[in-house]
Amino acid sequence: MRSATRLGTLGTEHAYVVLDAAKQLEAAGHRVLHLEIGEPDAPTPPHVVEAGVRALREGRTRYAVAAGVPELRDAIAQSLVLRGVRATADNVVVTPGAKPMLFCAALALIEPGDEVLCPDPGFPIYESVVRFAGGRPVYYPLDRTRAFAPDVDAIAARVTPRARVLVLNLPHNPTGGIASPGDLGRLATLAARHDLWIVSDEVYGQVRYDGRYDSIAALPGMSERTIIVDGFSKAYSMTGWRLGYGVMPAWLTGPMTTLIINNLSCTATFVQYAGIAALTGPQEPVRRMVAALKAKRDVVVRGLNAIEGVACAAPAGAFYTFPDIGGILERTGLTCESFAERLLAEAHTAVLAGTAFGPAGAGHLRLSYAGAGPDVELALERMRSWVGSLAAVV
Ligand code: PLP
């Protein structure tokens, strides 16, 4: 027996592979520090948990409308006012997490052979779902000297007549890069000139350290060619609840909902009621979490730059650093993959190799400082002393 060849086009998320290896070390009795997985350690806000439990008790346990509970879709549309986006419930489709919306967006927009501009480094699922949908990912670079902001000229240079979609992820995983208002405007002009769709992954849209919120969909004419992908996992510490959504032109919600009916039916009904509480209740837990993350970011960036051979930019959003460890690799003859593997095996500290995010990640690591709590400083100390113990190549 064999499975269909199309499964061979799917990539994966390396974070889960490393998490699995880390769990095996823990099962063998080691204390592993987790900087691999992108998950906040703050608990889901209590009023959100309460709303979920209440919804279960009230019997909200049946199928929901496929596009999502209308009150939640309305609350989502209202919440985007913060980013300057004007939308209504008619523009919103709810999914179990942001990831299914990325998958559905790829299936909904890409014709075989279409080119899709994806960031490199970038969230590996973009490339995976683009290929699965029959498209061709075309990487555009992001680099540290520009604080990993998208380089509009570099993107424009890669647009061909086959280009159909531009994927933006701001703030960006794995680098924390954002775009200036001027660059967002230039990206919008580029998309309009070449008639491109934008898939704007804004799952870290509320995790910003500059107090600004934006979206390319807020710019004139852009809501007609943009699918905003967002969810509750990161801002509301709801990774395990599985709740996300897409915001798109109203005409597209019909076909998108047909796609949902064919694979998901709907998102868990009681979870959607918890989502309403998250958006309409107090936002203080989000502000508190972002302030705590900012303090942790500063510790991590300082600690990494203090290690010889490491150069690390301060992320403007999200909760990852993407240090260049080229100086260490040159001295020791390691690659970023063998460095990450040995750091886990020998110093019990789990991080990801930069290449888990595309070819441009070579020579880098990705560290998530969202989930390790106070262990972040211990992780830096372990890394510093382990690096110090590495023999130089002769
Ligand atoms: N998009 C990006 C850039 C992410 O980093 C993640 C999760 O790590 C997701 C989407 C998926 O989020 P969700 O948990 O809502 O499916």
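Predicted, not measured: the structure shown is a model, and the values here were computed from it. (Residues numbered from 1 in each chain as written. Predicted model: local features only at pLDDT ≥ 70, side-chain atom pairs only at ≥ 80, totals over all residues. Heavy atoms only, no water.)

Peer 1: Hey, could you run me through the site of the ligand in this one?
Peer 2: The environment of the ligand is formed by 13 residues, the closest being Ala98, Asp201, Tyr204, Ser233 and Lys234. Interatomic distance of 2.6 Å between a side-chain N/O atom of tyrosine 204 and an oxygen atom of the ligand. Of the residues in the shell around the ligand, the class split is 5 nonpolar, 4 polar and 4 charged. (Near = heavy atom within 4 Å. Polar contact = N/O pair within 3.5 Å; in protein donor to acceptor, adjacent residues only side chain to side chain. Nonpolar A, V, L, I, M, F, W, Y, C, P; charged D, E, K, R; others polar.)

Peer 1: Hey, could you run me through the packing of helix H4 (residues 98-109) against helix H5 (residues 124-132) in this one?
Peer 2: Helix-helix packing: each pair is described by the crossing angle between the helix axes and the interaxial distance. Close contact between H4 and H5 brings their axes to 9 Å; oriented N to C, the two are set at 35°. H5 is crossed by H4, and the crossing has right-handed handedness. In this structure, H4 contributes Lys99, Leu102, Phe103, Ala106 and Leu107 to the contact, and H5 contributes Ile125, Tyr126, Val129 and Phe132. Per-class residue counts for the contact of H4 with H5 are 8 nonpolar, no polar and 1 charged. (Axes fitted to C-alpha atoms, helices over the stretch in contact; angles between N-to-C directions. Helix = DSSP H or I, 4+ residues; strand = E, 2+ residues; numbered from the N terminus. Left-handed = near helix turned anticlockwise from the far one by under 90°. Contact = heavy atoms within 4.5 Å.)

Peer 1: Any chance you could explain the environment of alanine 149 here in plain terms?
Peer 2: Relative to the elements of secondary structure, alanine 149 occurs in the loop between strand E4 (136-141) and helix H6 (152-156). A residue is classified by how much of its surface remains accessible, and alanine 149, at 10% relative accessible area, is buried. Spatially, the C-alpha atoms of alanine 149 and glycine 177 are 5.1 Å apart, while their sequence positions differ by 28 residues. With residues near it in sequence (within four places) discarded, alanine 149 still touches Leu142 and Ile178. (Buried < 20%, exposed > 50% of the residue type's maximum accessible area, 1.4 Å probe, protein only.)

Peer 1: I'm lost on the sheet that holds strand E11 (residues 352-353) in this one. Help?
Peer 2: Each strand in a sheet pairs with another by means of backbone hydrogen bonds, the pair being arranged parallel or else antiparallel. Pairing is antiparallel in the open sheet, where 3 strands are placed in the order E9-E12-E11. The open sheet is flanked by strand E9 (320-321) and E11, the only strands paired with a single partner. (Pairing = 2+ DSSP bridges.)

Peer 1: I would appreciate a short explanation of the packing of aromatic side chains in the present structure.
Peer 2: How two aromatic rings sit relative to each other is set out by the distance from centre to centre and by the angle between their planes. Within the structure shown, the criterion is met by 11 aromatic pairs. Here phenylalanine 103 and phenylalanine 132 contribute two aromatic rings whose centre-to-centre distance is 5.5 Å and whose plane-to-plane angle is 40°, an arrangement assigned as tilted. With phenylalanine 103 in helix H4 and phenylalanine 132 in helix H5, the pair connects residues that are 29 residues apart, well separated along the chain. Judged by its relative accessible area of 26%, phenylalanine 103 is partly exposed. Note on phenylalanine 132: relative accessible area 22%, which makes it partly exposed. Ring centres 5.8 Å apart and planes at 35° place the aromatic pair phenylalanine 232 and tyrosine 236 in the tilted group. A single burial state applies to phenylalanine 232 and to tyrosine 236, both of which are buried. Here the aromatic cluster, defined as three or more aromatic residues joined through ring pairs, consists of Phe148, Phe322 and Phe357. Sitting over the face of the ring of tyrosine 273, arginine 60 holds its NZ or CZ atom 4.1 Å from the ring centroid. (Phe/Tyr/Trp six-rings, centres within 6.5 Å; stacked < 30°, edge-to-face > 60°. Lys NZ or Arg CZ within 6 Å of the ring centre and 35° of its normal.)

Peer 1: Where do I start with the pattern of salt bridges in this structure?
Peer 2: Charged atoms that come close allow side chains of opposite charge to pair. This structure, assessed with the given rule, holds 23 salt bridges. Where arginine 83 meets aspartate 230, a salt bridge forms, and the shortest distance between an N and an O atom there is 2.8 Å. Note that arginine 83 is positioned in the loop between helix H3 (70-79) and strand E2 (92-95) and aspartate 230 in strand E7 (residues 226-231), a separation of 147 residues in sequence. The exposure class of aspartate 230 is buried, given its relative accessible area of 3%. One salt-bridge network, in which partners are shared between bridges, spans Arg146, Asp153, Asp183 and Arg186. (Salt bridge = Lys/Arg side-chain N within 4 Å of Asp/Glu carboxyl O.)

Peer 1: Explain the pairing of strand E6 (residues 197-201) to me, please; I cannot follow it from the model alone.
Peer 2: Along any regular strand, the residues point their side chains to alternate faces of the sheet. Burial analysis of E6 places 5 of its 5 residues in the buried class, which makes it a mostly covered element. Of the two faces of E6, the one lined by Trp197, Val199 and Asp201 and the one lined by Ile198 and Ser200 are each fully buried. Pairing between strand E5 (residues 163-169) and E6: 5 bridges, direction parallel. Along E6, the bridge assignment pairs valine 167 with valine 199. Once you follow E5 into helix H7 (residues 181-193) and on to E6, the crossover reads as right-handed. (Right-handed = clockwise from strand over helix to strand, strands pointing away.)

Peer 1: How should I be thinking about the nonpolar core in this particular structure?
Peer 2: The nonpolar side chains of soluble globular proteins are, as a tendency, buried together. Counting 98 residues, the largest nonpolar core has Leu72, Ile76, Ile227, Phe232, Phe319 and Phe339 as its most contacted members. Those residues in contact with phenylalanine 339 that lie beyond four places of it in its chain are Ile325, Ile328, Leu329, Leu334, Leu365, Met383, Trp386, Val387 and Leu390. (Core = buried A, V, L, I, M, F, W, Y, C linked by side-chain atoms within 4.5 Å.)

Peer 1: What's the story with the environment of valine 17 in this structure? I'm lost.
Peer 2: Relative to the elements of secondary structure, valine 17 occurs in helix H1 (residues 14-27). Separated by 19 residues in sequence, valine 17 and glutamate 36 have C-alpha atoms that sit 9.8 Å apart.

Peer 1: Sorry, what's going on with the sheet that holds E6 here?
Peer 2: The strand order across the open sheet formed by 7 strands is E2-E8-E7-E6-E5-E3-E4, and the pairing between neighbours is mixed. Each edge of the open sheet carries a strand with a single partner, namely E2 and E4. Along the sheet, successive strands turn relative to each other by an average axial angle of 20°, direction set aside. Across the face of the sheet, H5 comes into contact with strand E3 (115-120), E4, E5 and E6 while running at roughly 155° to E4.

Peer 1: So what exactly am I meant to see when it comes to unusual backbone geometry here?
Peer 2: Note: most peptide bonds trans; most residues except glycine with negative phi. Of the consecutive residues aspartate 120 and proline 121, the connecting peptide bond is found in the cis state with omega at 5°. In this fold, proline 121 is placed in the loop between E3 and H5. For the bond running from asparagine 173 to proline 174, omega is 20°, close enough to zero to count as cis. Inspection of the secondary structure puts proline 174 in the loop between E5 and H7. If you check the backbone angles, phenylalanine 148 has positive phi at about 65° while not being a glycine. Positionally, phenylalanine 148 belongs in the loop between E4 and H6. The phi dihedral of serine 265 is positive, around 70°, even though this residue is not glycine. Its location among the elements puts serine 265 in the loop between helix H8 (250-263) and helix H9 (269-280).

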